[in-house]
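Residue-level structural notes
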Amino acid sequence: MKENRTIRHLIIAILIFGIIKILFPVTNGITQTGVNVIALFISIVYLWTFESVGWVSLLAIALFPCTGVMSYSDIASNSFGNWVTVFTLASCILNYSLSESGMMDRVVKWAITRDAVQKRPWMLLCALFTSVYLMNFILDCTPSALVFFPMTLALCRQIGCEPGEKLSKVIFSGVMLSILLGYCATPISHSIPILFIGLINTDFNMQMNFADWCRIGIPVSFAMFLAMLVFFRLVIKPDVSRLNHFDADAVKASITEMSRKQKIISVVYLLVILCWLCPTFLQTIWPEAASWIENAGYIFPVVIAIAALLCIRDEGKPILDFEAAVKSVSWPLILLTAGIMLVNPCISSDASGIIAFISNTLEPLFHSTVSGWIIVIIAAAWVMIQTNFMSCFVSGQLVYSVFTPIVIALPALGVSAPALGVMIAFGCGVAFLSPPSSGPAAVFISTDYYTPMDALKYGTPLLVLYIVFCAAMLYPIAAACL
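Just so it is clear, the structure is predicted and the values come from calculations on it, not from any experiment. (Residues numbered from 1 in each chain as written. Predicted model: local features only at pLDDT ≥ 70, side-chain atom pairs only at ≥ 80, totals over all residues. Heavy atoms only, no water.)

1. Thoughts on helix H19 (residues 371-387)
The test is simple: For the purposes of this entry, the term helix denotes a DSSP run of H or I that reaches at least four residues, the term strand denotes a run of E that reaches at least two, and both are numbered from the N terminus. The span one expects for a helix is its residue count, reduced by one, times 1.5 Å. Residue burial is assigned from relative accessible area. The probe radius is 1.4 Å, only protein chains are included, and a residue is buried under 20% of its type maximum, exposed over 50%, and partly exposed in between.
Along its 17 residues, H19 runs 24 Å from first to last C-alpha, staying within 8% of the 24 Å computed at 1.5 Å per residue. Along H19, the residues that are buried comprise Ser371, Gly372, Ile375, Val376, Ala379, Ala380, Val383, Met384, Gln386 and Thr387.

Now the structure itself:
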């Protein structure tokens, strides 16, 4: 059955390619190469959506040179040779050390056992969600979800919270959203922000860095986080009295003394983060050091950190189990990253004529000053609705590939293409409404405590609110910062 389904999807993709190639007119500036690129891109998006992101990305890398838009060497340098692909792989390996060390649940357990939050149910919930949110500033979301899910389940069972109660739904959805909002806030070990920083810098010849993303992402994600808390408190209004039965002493007893391994990993990880963020902060006080760190690039400190964790030993073994770390890497994600980094250079290539086609075709339709904001609102709504029902990576790539060429081709709209790209990237990361949307959603929307119907019921109002945040808050901040 699996093979038959794959063959069926391949046949459909080939039909899509053939129909577009035959019916799409070579006019208004687009070349036959451009038609080939559009036909292949739409076919690949179909396969990404309904088949796989791993082998389909390899297929895309093999087929794009056949369109005539680039040579094979250019295809290789824009996909596997792109720094974003290498950086994502190295970050996954380093992130494994922190996920495996037990530091994440240690921080959360510490936060929810403080005396200040005991017998104060809403304070306890805020401490839980805030600690998860802040931890995910530096953690990949899917491994984080796998760590925090059993902790969330154990908390509900400890306080006697049954499936079907509003409180259990609030706890599960709150932890899941805290993971995703923390993930969107920074690019530290986060695949989607890193991927789009690479796309934006390549497509618009910019030097956007990690600190730039933080200046945009942290205030917006924090505003969304506060909106979530207010929504739970004033709209959902769960009965939180069961939280008075939370046994903080039992949780405290489970917190062991911080091991040497945990201390070493924490220090190494902190130094890497400082290397990523320091160039911006050192620019005024120590420009030489800032320049050296910036020239070293983002990959250098990660690789040095991996080497250090392999050299430093604890109890006779390296701190980092390299073989286990490599096995933990999501290789479909790496292949997808390589494939995505390839798409936009092909679309924006002069050989395709796609940008000229968009400009010549759409320019007569946009005359009023309102049109630019219409583009921003439609892009925000499209990416956030789509990402909540299918792969967030595919959603972000599709909407980015549709809208950024439009605003490049139509400068009269007054829309900042880099800011729009950041908004799309941020929006596709807030994926919480259905299991296929993201790793945390697949993990948390999986029990009687929080079902797919619960996710739709409790999440839809927040989705509408977050679309407004993206269009009305995130885009203006990004336009001002970039």
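There is more to say after this.
2. Considering the packing of aromatic side chains
Within a pair of aromatic rings, the relevant descriptors are the distance that separates the centres and the angle that separates the planes. Threshold: In this scheme Phe, Tyr and Trp rings, the latter by its six-membered ring, pair at centre separations within 6.5 Å, and the angle between planes marks the pair as stacked below 30 degrees, edge-to-face above 60, and tilted otherwise.
Scanning all chains against the criterion turns up 23 aromatic pairs. Their ring planes at 35° and their centres at 5.8 Å tell us that Trp83 and Tyr298 sit as a pair that is tilted. You can see Trp83 sitting in helix H5 (residues 83-101) and its partner Tyr298 sitting in the loop between helix H14 (287-296) and helix H15 (299-311), a full 215 residues away along the chain. Judged by relative accessible area, Tyr298 falls into the buried class, the value being 19%. One aromatic cluster is present, built from ring pairs that chain together Trp83, Phe87, Phe210, Trp276 and Tyr298.

3. Looking at the environment of Phe50
Formally: The contact criterion used is simple: two residues touch if any of their non-hydrogen atoms lie within 4.5 Å.
When you line up the elements, Phe50 lands in helix H2 (residues 32-50). As a C-alpha pair, Phe50 and Arg5 span 45 residues in sequence and 9.6 Å in three-dimensional space. With near-sequence residues (within four places) excluded, Phe50 lies in contact with Arg5 and His9.

4. Some details on the side chain of Asp454
Along the polypeptide, Asp454 turns up in helix H23 (residues 452-481). Sequence-distant contacts of Asp454, defined by excluding residues within four places in its chain, comprise Lys169, Tyr449 and Gly459.

5. Points about the pattern of salt bridges
Note the cut-off: Here, a salt bridge means any Lys or Arg side-chain nitrogen found within 4 Å of an Asp or Glu carboxyl oxygen.
One pass over the structure, following the stated rule, counts six salt bridges. Where Arg215 meets Asp212, a salt bridge forms, and the shortest distance between an N and an O atom there is 2.1 Å. Of this pair, Arg215 and Asp212 are both found in helix H11 (residues 210-236), three residues apart, which corresponds to roughly one turn of the helix. For Arg260, the salt bridge is made with Asp314, and the minimal N-O distance between the two is 3.2 Å. Note that Arg260 is positioned in helix H13 (residues 260-282) and Asp314 in strand S1 (residues 313-314), a separation of 54 residues in sequence. Note on Arg260: relative accessible area 46%, which makes it partly exposed.

6. Observations regarding the environment of Phe204
Tracing the backbone through its elements, the reader meets Phe204 in helix H10 (residues 191-204). The exposure class assigned to Phe204 is buried, which follows from its relative accessible area of 18%. Apart from the residues within four sequence positions on either side, Phe204 is in contact with Tyr400, Thr404, Ile408, Ala417 and Pro418.

7. Brief notes about H2
An α-helix turns once every 3.6 residues. As a result, residues three or four positions apart point the same way. For H2, spanning 19 residues, the distance from its first C-alpha to its last is 27 Å, which sits close to the expected 27 Å at 1.5 Å a residue. In terms of burial, H2 is a largely internal element, 15 of the 19 residues being buried.

8. Quick look at the nonpolar core
This is how it is decided: We define a nonpolar core as any set of buried Ala, Val, Leu, Ile, Met, Phe, Trp, Tyr and Cys residues linked to one another through side-chain atoms lying within 4.5 Å.
Core analysis: the largest hydrophobic core is formed by 179 residues, its most contacted members being Phe129, Leu420, Met423, Phe432, Phe444 and Tyr466. Counting residues per element, this core draws most heavily on H11, at 14 residues.

9. A look at the side chain of Ser191
By the element assignment, Ser191 lies in helix H10. Once you skip the residues sitting within four places of it in the chain, Ser191 turns out to touch Thr88, Tyr183, Leu333 and Phe393.

10. Some words on a nonpolar patch on the surface
Using the following cut-off: Patches in this entry comprise residues that are over 30% relatively accessible and not in a salt bridge; like charges within 9 Å are linked, as are nonpolar side chains (Val, Leu, Ile, Met, Phe, Trp, Tyr) within 5 Å. All accessible-area figures derive from a Shrake-Rupley calculation using a 1.4 Å probe, and residue coverage is judged against the displayed protein chains alone.
Among the surface-exposed residues, Ile7, Ile11, Leu15, Ile19, Ile22 and Leu23 lie close enough to one another that they form a single nonpolar patch of about 650 Å² accessible area. Secondary-structure assignment places Ile7 in helix H1 (residues 2-23).

Functional significance is not addressed by these values, which are geometric in nature.
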